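# Structural overview for review
These are the residues of each chain, in order.
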Amino acid sequence: MNFEIDALFIEDAVRSSELAQRLVARLNSKVPVSYVMDGRQAARPLPVDDAFVAGKRRLVVMNRRSRFLSPCPAAGAGLACCGYLVLVLASNCPMNCSYCFLQEYVADNPGLQIYANYAQAFEELERLLRTNSARHFRIGTGELADSLAFDRVTGLSVDLVEFFRRHERLTLELKTKTDEIDNLLRMDPLGRVLVSWTLSPSRVYRSSEHGTAAPQARIDAACRVREAGYRVGFHLDPIIAYPQAETEYRELLSMLFDALAPGEISFLSVGGLRMTPGLRAIARRRFPNDPMLVGEEVLSPDGRYRACYPMRLRLYRSLAAHIQAKAPGLTHYLCMETPAVVARALGTAPPSPAVLGERLATA
Ligand code: SF4
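Below: a short report on this structure. (Residues numbered from 1 in each chain as written. Predicted model: local features only at pLDDT ≥ 70, side-chain atom pairs only at ≥ 80, totals over all residues. Heavy atoms only, no water.)

### Points about the nonpolar core
Nonpolar side chains tend toward joint burial in soluble globular proteins. Ranked by size, the top nonpolar core spans 123 residues in total, and within it Ile139, Leu184, Phe234 and Tyr249 carry the most contacts. For this core, the element with the most residues is helix H11 (residues 245-259), which contributes 6 residues. Once residues within four sequence positions are removed from consideration, phenylalanine 234 is found in contact with Trp197, Leu199, Ala222, Leu256, Leu260, Ile265, Phe267, Leu268 and Ser269. (Core = buried A, V, L, I, M, F, W, Y, C linked by side-chain atoms within 4.5 Å. Buried < 20%, exposed > 50% of the residue type's maximum accessible area, 1.4 Å probe, protein only. Helix = DSSP H or I, 4+ residues; strand = E, 2+ residues; numbered from the N terminus. Contact = heavy atoms within 4.5 Å.)

See the structure below:
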């Protein structure tokens, strides 16, 4: 996949960084390069109709001012948590999913930021290991950006795999909706890197996941990295409660299990569509014809709109039964739901974040 960029901005402080030099060398020479004092200014919204989309075409290489490593947003929000840690190496994404939370989250700074001082992230990870001497950790880079969308030009996966393969108690999770795996195929991750794909039925892909790889292309890419020695996982997230959802998510799972044996999959996460009122308003304004955005939802106690509880429960239970029948033993968990909802949907209380985190980091 080749995402187009209109302009490259490089913060003065990182002008001679390896990342900046790589980008200048690898981007098409027609992409104009500007050097700026403060990358945060270059990432601000342009005064155009869709500043969010315009931001997706402006790449800003800069220093990150805050920590790289943080707990997943579910931790501390009263939701069942999988103990996942987030490593923020970039912000925003060249694809354009209608339900994407970044539409609201980075509305004030939609430029595609990539942080050149990521060696500090490795220091943070080494500190984490020193202060937690027995645990394994699963660390993901796909929270505020797609992990692989620009890998062809940034080459970040090469540095990441090189770091993680040296650290036995860390598992890197690269999360993507692309099939951008060429760099990965050239390395041996020594079993310490997991690549995960978000999967949706074709109907959702066509209506709502603009610029992403088709579901079958994602599964094919997963098969290829699996053969190259990577672990693979999948996220059915967001599950959208549209009229044909139960049948089509089951068909999607069957397509996945036709390609990969359950024993070849590290885990499957499932999470229903949730939107803050602000995100819902932005998404409906930007994608007025998307049938996936017009469902009847109710405001949950956590302030997010979700499909009503009985409908969500029915979908979760139906998928859990299908997974149990087709892939018994496959680790499957619910994401961004309360422990009470998880218990009712799966028939058992969720494990603690430490227990589930350890299981997923080593699966
Ligand atoms: S691929 Fe992920 S990060 Fe990118 S637009 Fe879609 S939901 Fe957002």
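Now, onward.
### Considering the state of the cysteines
Using the criterion set out here, one finds 0 disulfides in the structure. Cysteine cysteine 72 shares no disulfide, and the gap to the nearest cysteine sulfur, in cysteine 81, comes to 5.3 Å. (Disulfide = S-S within 2.5 Å.)

### Overview of the environment of leucine 184
For leucine 184, the position within the fold is in helix H8 (residues 182-185). Between the alpha carbons of leucine 184 and valine 88 there is a distance of 20 Å; along the sequence they are 96 residues apart. Not counting the four nearest positions on each side in its chain, leucine 184 is found in contact with Leu148, Ser157, Val161, Leu174, Val195, Val225 and Tyr230.

### So, the pattern of salt bridges
Per the stated rule, a full pass over the model turns up 23 salt bridges. One salt bridge connects arginine 314 with glutamate 246, and the closest N-O pair in it is separated by 3.4 Å. Residue arginine 314 is found in helix H13 (residues 309-326), and its partner glutamate 246 is found in helix H11; the two are separated by 68 residues along the sequence. Residue arginine 314 is classed as exposed on the basis of its relative accessible area, which comes to 54%. Of the charged contacts in the structure, one is a salt bridge between arginine 280 and glutamate 297, with a shortest N-O distance of 2.8 Å. With a gap of 17 residues between them, arginine 280 in helix H12 (residues 277-286) and glutamate 297 in strand S16 (residues 297-299) connect regions that are remote in the sequence. (Salt bridge = Lys/Arg side-chain N within 4 Å of Asp/Glu carboxyl O.)

### Thoughts on unusual backbone geometry
Going from aspartate 237 to proline 238, the amide bond is cis rather than trans, its omega being 10°. Summarising the element assignment, proline 238 is placed in strand S13 (residues 231-239). Within the chain, leucine 190 stands out as a residue other than glycine whose phi angle is a positive 55°. Structurally, leucine 190 can be placed in the loop between H8 and strand S11 (193-198). Residue classification places leucine 190 among the partly exposed residues on the basis of a relative accessible area of 45%. Look at methionine 336: it is not a glycine, yet its phi comes out positive at around 60°. Counting through the fold element by element, methionine 336 comes out in the loop between strand S18 (332-334) and helix H14 (339-346).

### Structural notes on helix H1 (residues 18-26)
Along H1, the residues that are buried comprise Leu19, Ala20, Arg22 and Leu23. An end-on view of H1 places all buried positions within 160° of arc, on one side of the element. Projecting away from the buried face of H1 at angles above 90 degrees are the exposed residues Glu18 and Ala25. Packed against the buried residues of H1 are strand S1 (7-11), strand S3 (58-62), strand S8 (112-115), helix H6 (151-154) and helix H7 (156-164). (Arc of directions from axis to C-beta.)

### Here we look at the sheet that holds strand S15 (residues 274-275)
Ordered by their spatial adjacency, 3 strands build an open sheet running S15-S17-S16, and the pairing between neighbours is antiparallel. Edge strands, defined here as strands with exactly one partner in the open sheet, are S15 and S16. Sheet analysis places S15 next to strand S17 (residues 305-307), joined by 2 bridges and oriented antiparallel. Bridge pairing links arginine 274 to arginine 306 in S17. (Pairing = 2+ DSSP bridges.)

### A few points about the sheet that holds strand S2 (residues 33-36)
Strand order across the open sheet formed by 5 strands is S2-S1-S3-S8-S6, with mixed pairing between neighbours. Strands at the two margins of the open sheet, each flanked by one partner only, are S2 and strand S6 (90-91). The pairing of S1 with S3 spans 4 bridges and is parallel. When the bridges of S3 are listed, leucine 8 appears paired with leucine 59.

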